[in-house]
Amino acid sequence: MTQDELIDQVLLDIPEAPRATARDQIKRMAREFCQEADAWIHRGYVVVAARSKYPQLIVPEDAEPLRIRSLKAGDRVLRLGVDYVQPDPGRIEMLRKPDRDNLTGELACRPTTTDPLAEALLNNWADPIGDGARWRLLMMPQPWKDPGMAAYYHTQYLSGIHDAKQAASHGHARGGARVRPRPFL
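Conventions and cut-offs
- Counting restarts for each chain: residues are numbered from 1 in the order of the written sequence.
- Under the rules for a predicted model, residues below a pLDDT of 70 receive no local features and side-chain atom pairs below 80 are neither given nor counted, while totals for whole chains, interfaces and linings still include all residues.
- Only hydrogens and water are removed before side-chain values are computed, so all heavy atoms of the structure are retained for them.
- Salt bridges are identified by distance alone: a Lys or Arg side-chain nitrogen within 4 Å of an Asp or Glu carboxyl oxygen.
- Note on conventions: DSSP H or I runs of at least 4 residues are helices, E runs of at least 2 residues are strands, and numbering of each starts at the N terminus.
- Relative accessibility under 20% of the residue-type maximum defines a buried residue, over 50% an exposed one, and the middle range a partly exposed one, all with a 1.4 Å probe and only protein chains included.
- Being paired, for any two strands, means DSSP has found at least two bridges between them.
- Here, two residues are considered to be in contact whenever any of their heavy atoms come within 4.5 Å of each other.
- Comment: axis = line fitted to C-alpha atoms, over the contacting stretch for helices; angle = value between 0 and 180 degrees taken between N-to-C directions.
- For this analysis, a nonpolar core means a set of buried residues of the types Ala, Val, Leu, Ile, Met, Phe, Trp, Tyr and Cys, connected via side-chain atoms within 4.5 Å.
- Orientation labels follow simple angle bins: below 35 degrees gives roughly parallel, above 145 gives roughly antiparallel, 65 to 115 gives roughly perpendicular, and whatever is left gives oblique.
- Crossing handedness follows the turn of the near helix against the far one: under a right angle anticlockwise gives a left-handed crossing, and clockwise gives a right-handed one.
- By the convention adopted, Pro, Cys, Tyr, Trp, Phe, Met, Ile, Leu, Val and Ala count as nonpolar, Lys, Arg, Asp and Glu as charged, and the other residues, Gly among them, as polar.
- Here the aromatic set is Phe, Tyr and Trp, taking the six-membered ring for Trp, and pairing holds for ring centres within 6.5 Å; pairs whose planes are under 30 degrees apart are stacked, those over 60 apart are edge-to-face, and all others are tilted.

**Student:** Hey, could you go over the pattern of salt bridges for me, with residue numbers and the actual values?
**Tutor:** In total, this model carries 17 salt bridges according to the counting rule given. Here R110 and E64 are joined by a salt bridge, their closest N and O atoms 3.0 Å apart. Of the two residues, R110 sits in strand β7 (residues 103-111) while E64 sits in strand β3 (residues 63-73), which places them 46 residues apart along the sequence. Exposure remark for R110: the relative accessible area of 21% places this residue in the partly exposed category. We classify E64 as partly exposed; its relative accessible area is 22%. Through salt bridges that share partners, D38, R43, R67, R69 and E106 make up one connected network.

**Student:** Describe the sheet that holds strand β2 (residues 56-57), naming the residues involved and giving the relevant values.
**Tutor:** An order of β2-β1-β7-β3-β4 is seen for the five strands of this open sheet, with the pairing classed as antiparallel. Looking along the sheet, the strands with just one partner apiece sit at the ends: β2 and β4 (76-77). Relative to β7, strand β1 (residues 40-48) is paired through seven bridges, and the arrangement is antiparallel. For Y45, the partnering residue across the bridge sits in β7 and is T104. Of the strands in this sheet, β1, β3 and β7 are in contact with helix α2 (residues 19-37), which crosses β7 at around 140°.

**Student:** Please set out the nonpolar core residue by residue, giving values where relevant.
**Tutor:** L71 and L121 are the most contacted members of the largest nonpolar core, which has 49 residues in total. For this core, the secondary-structure elements that each account for two or more residues are α1 (3-13), α2, β1, β3, β6 (91-94), β7, α3 (119-138) and α4 (147-169). The biggest single contributor to this core is α3, with nine residues. Setting aside residues up to four positions removed in sequence, L71 forms contacts with V46, V47, R76, V77, L78, Y84, I92, L103, T104 and G105.

**Student:** Which residues make up the packing of α3 against α4, and what values do they have?
**Tutor:** At a closest axis distance of 8 Å, the pairing of α3 and α4 adopts a crossing angle of 150°. The angle between α3 and α4 falls in the class roughly antiparallel. For the element pair α3 and α4, the recorded crossing hand is left-handed. Two secondary-structure elements touch here, α3 through W125, P128, D131, G132, R134, W135 and L138 and α4 through P147, M149, A150, Y153, H154, Q156, Y157, G160, D163, A164 and A167. Residues of the contact of α3 with α4, tallied by class, amount to eleven nonpolar, four polar and three charged.

**Student:** Summarise the packing of aromatic side chains; cite the residues concerned and give the values.
**Tutor:** A full pass over the atoms with the stated rule returns four aromatic pairs. Geometrically, the ring pair formed by F33 and Y157 is tilted, given 6.1 Å between the ring centres and 50° between the ring planes. Here F33 is found in helix α2, whereas its partner Y157 is found in helix α4, with 124 residues between them in sequence. Of the two residues, F33 and Y157, both sit in the buried class. Between Y152 and Y153, the aromatic rings sit 5.2 Å apart at their centres with planes inclined by 65°, giving edge-to-face as the arrangement. A connected cluster of aromatic rings, assembled from ring pairs, spans F33, W125, W135 and Y157.

What is shown is where atoms sit, not what they do.
So, in structure tokens, the structure goes:
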């Protein structure tokens, strides 16, 4: 799904709303959604120049960093507060120098305010982001205001945040657990 397709879906439910306002609310809710639920995770190389005095985070070009979820130096897991600290979202300080310069792991991100939303984020979470935008639009003091429907979309949005938090806690894995049934005696 693209950002324009999501805007069209939101405007189907609130046709009186201007397209630019719907776009702005979708952006706002996508940023808030990622902030609350770690919905967008960048995996792979997360830190470069880790052994230097100024290590740098590797962030996708259309994203802003939020927090490091995990960090590894080879097979060794680095611990927050012991091996490194992240004083602000865009900066990392190494407390113990690792044995390599490039560190892998997971970095939670959110969309920037200027770039279009990433397709990967929209493919997984377009519905709750759209619900959040509908909620915000329906609460605006405009002719299309509808607090009853806004409450419904707010509930749907909060449910989406819950689902995203669950997915993040399970490593964004899909599918259920496969267990072998017990034999019938």
